[in-house]
Amino acid sequence: MPGLTSPGRTTWVAALAAGSLLWAAGIAHADKPVGGETKPPSESRPQGDADGRTLLASVSQSRIRITHSGGGTEQGSMDELTSADPDWEPPVCWYEPVFTPEALKSAVGDLEKNGGLGAVNAHEWWSSGIFVDHYDKGEPQDNFDLNSAENSTAEGYENYNVGKDGMFWRSVVRKGHESDIRAWDCGRIMFWQDAGTIPDDEHAPTPETLAAYAYDRIEVPKTEVELKPEARSTVNLPTWVWLDKGTFKEVMVRAELPDTGLWAETTAKPVALHLDPGTEDAETYPASGDCEIDGDGSIGTPYTKGSADKTPPCGIRYLRASAGDPYQLTASITWQISWEGTGGTGGDLPDGTFETTQDMNVQEIQSVNR
């Protein structure tokens, strides 16, 4: 990797992988890409505010606006959805517009007054001197690309581009992935983009980026299934499983990225319940263990008096007693995920799942021969 260049310039050296570095000349800071926190020193960490004027140091503070609407559940608490595809996940990093010329100039002025460090991308912090050199006086600075032998050079700006129509963009890392090596793929320092345009960059946001971001924010009900008999079953007698209509409904999350015109709505529709009795000594109804969710949000058929010997459309028959340790009945709800967004875009995302576990005590029928 490149060695030290000149005072006031960001620099990247091989030691970057071993620890965080501070440069006295202008104070440019970059965290290690492996095994370290992507945060500046706590004593100089800038604090964000609602209007975005501060040069935020939180790598996961996205400007994407999330709106939850419709659906949900009429009972139970909520939790996050898990993708059924272990190889799929939302993007780890992307770029967002963060400052108008006037706002950046004001933020750098605030930085000069408090003497702290400001974030120039998701991993790098500069003193006010370097911000002035690059965004006011037009001096070039280095971007950082972990996958390249050499860094690219970003040309400087004059007077923060005041008077021009557009915004400065900066990288963001998905929450929880601040130390993920892939987050370093978005290594460009804060750059200019004309109004009404999206960066020509593989990590620029798209409607699908927002759809995946919204997926990450979907909350689904933890509702336990209804059982008859409740929590105690008898060997060879079926346990009926059902959910009343209206229990599950579609859940929609809308994600919008201000100043880009980009938006996406991601919808999760409950489509199936899978039963795992927690033991091989059991049968499920249907045999696959998959009970369909009806259009009205119900599952299976409620138990009625006199149905003990009938076969339920959704249920379990245990073949052996639990012998003091209850079986763990797992009920997994499958949610079908689709999205639509800017410009008529849309499609499907991997199904999501949420599961709950309930204790099942199974007893033998005791009989006496006379």
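Source: prediction; values computed, not measured.

Caption draft 1: Quick peek at the sheet that holds strand β15 (residues 226-228). The 4 strands are arranged β15-β17-β23-β21 in an open sheet whose pairing can be described as antiparallel. Unpaired on one side and paired on the other, β15 and β21 (282-285) mark the two borders of the sheet. On average, each strand axis in the sheet is tilted by 20° relative to the strand beside it, whichever way the strands run. Where β21 meets strand β23 (residues 315-318), 4 bridges bridge the pair, whose relative direction is antiparallel. When the bridges of β23 are listed, glutamate 283 appears paired with arginine 317.

Caption draft 2: Expanded view of the state of the cysteines. For the coordinates displayed, the defined rule picks out 2 disulfides. Two residues share a disulfide in this structure: cysteine 93 and cysteine 186, whose sulfurs sit 2.1 Å from each other. Residues cysteine 93 and cysteine 186 are joined through a disulfide that is right-handed, its torsion about the S-S bond being 80°. With cysteine 93 in strand β7 (residues 93-99) and cysteine 186 in the loop between β12 (166-173) and β13 (191-194), this residue pair connects regions lying 93 residues apart in the sequence. Through a disulfide, cysteine 291 is tied to cysteine 314; the S-S separation comes to 2.2 Å. Since a negative S-S torsion denotes a left-handed disulfide, the cysteine 291-cysteine 314 link at about 90° is right-handed. Taken together, the positions of cysteine 291 in strand β22 (residues 290-292) and cysteine 314 in the loop between β22 and β23 put the pair 23 residues apart, joining distant regions of the chain. A single burial state applies to cysteine 291 and to cysteine 314, both of which are buried.

Caption draft 3: Molecular detail of the sheet that holds β13. Taken in spatial order, the 3 strands line up as β7-β12-β13 in an open sheet, and their pairing is antiparallel. In this open sheet, the two edge strands, each paired with only one partner strand, are β7 and β13. Neighbour to neighbour, the strand axes of the sheet diverge by 45° on average, direction disregarded. Relative to β13, β12 runs antiparallel, the two being bridged by 4 bridges. Looking at the pairing, tryptophan 169 lines up with phenylalanine 191 of β13.

Caption draft 4: Main features of the layout of surface pockets. Reported here for the second largest pocket is a volume of approximately 260 Å³. If you go around the second largest pocket, you meet 14 residues; those closest to its centre are Ser60, Lys175, Tyr213, Asp216 and Arg217.

Caption draft 5: Seen up close, the pattern of salt bridges. In total, this model carries 10 salt bridges according to the counting rule given. A salt bridge links aspartate 259 to arginine 63; its shortest N-O distance comes to 3.2 Å. Of this pair, aspartate 259 sits in the loop between β19 (251-257) and β20 (262-276) while arginine 63 is found in the loop between β2 (28-30) and β3 (65-69), placing the two residues 196 residues apart along the sequence. Between glutamate 265 and arginine 254 there is a salt bridge; the shortest N-O distance is 2.7 Å. Of this pair, glutamate 265 sits in strand β20 while arginine 254 sits in strand β19, and the two are 11 residues apart along the sequence. By relative accessible area, which is 21% here, arginine 254 ends up partly exposed. A network of salt bridges, in which partner residues are shared, links Glu89, Arg174, Asp180, Arg182 and Asp216.

Caption draft 6: Focus on the nonpolar core. Counting residues in each nonpolar core, the largest one holds 45 residues, and the members touching the most others are Ile218, Leu273, Leu275, Ile299, Tyr318, Trp335 and Ile337. Looking at this core, the elements with two or more residues in it are α3 (207-215), β19, β20, β23, β24 (327-341) and β25 (345-363). With 7 residues, β24 is the single largest residue contributor to this core. Ignoring anything within four residues of it in the chain, the contact list for tyrosine 318 reads Ser233, Thr234, Val235, Asn236, Pro277, Thr279, Asp281, Ala282, Tyr327, Leu329, Met360 and Val362. With 34 residues, the next largest nonpolar core counts Trp125, Trp126, Met167 and Trp169 among its residues.

Caption draft 7: Up close: a negative patch on the surface. On the surface, Asp290, Glu292, Asp294 and Asp296 cluster together into a negatively charged patch. With respect to the helices and strands, aspartate 290 occurs in strand β22.

Caption draft 8: Representation of the environment of serine 69 in the model. In this fold, serine 69 is placed in strand β3. The class for serine 69 is partly exposed, based on a relative accessible area of 30%. C-alpha of serine 69 to C-alpha of methionine 252: the two residues are 183 residues apart in sequence and 5.7 Å apart in space.

Conventions and cut-offs
Residues numbered from 1 in each chain as written. Predicted model: local features only at pLDDT ≥ 70, side-chain atom pairs only at ≥ 80, totals over all residues. Heavy atoms only, no water. Pairing = 2+ DSSP bridges. Helix = DSSP H or I, 4+ residues; strand = E, 2+ residues; numbered from the N terminus. Axes fitted to C-alpha atoms, helices over the stretch in contact; angles between N-to-C directions. Disulfide = S-S within 2.5 Å. Buried < 20%, exposed > 50% of the residue type's maximum accessible area, 1.4 Å probe, protein only. 1 Å grid on protein atoms, 1.4 Å probe; cavity = no way out; pocket = protein on both sides within 12 Å on 5 of 7 lines; lining within 4 Å. Points joined across faces, edges and corners; volume = space filled by probe spheres on them. Salt bridge = Lys/Arg side-chain N within 4 Å of Asp/Glu carboxyl O. Core = buried A, V, L, I, M, F, W, Y, C linked by side-chain atoms within 4.5 Å. Contact = heavy atoms within 4.5 Å. Patch = residues over 30% accessible without salt bridge, like charges linked within 9 Å, V, L, I, M, F, W, Y side chains within 5 Å. Areas by Shrake-Rupley, 256 points an atom, 1.4 Å probe, with all protein chains shown as cover. Lys, Arg positive; Asp, Glu negative; His and termini not counted. Charge placed at Lys NZ, Arg CZ, Asp CG, Glu CD.

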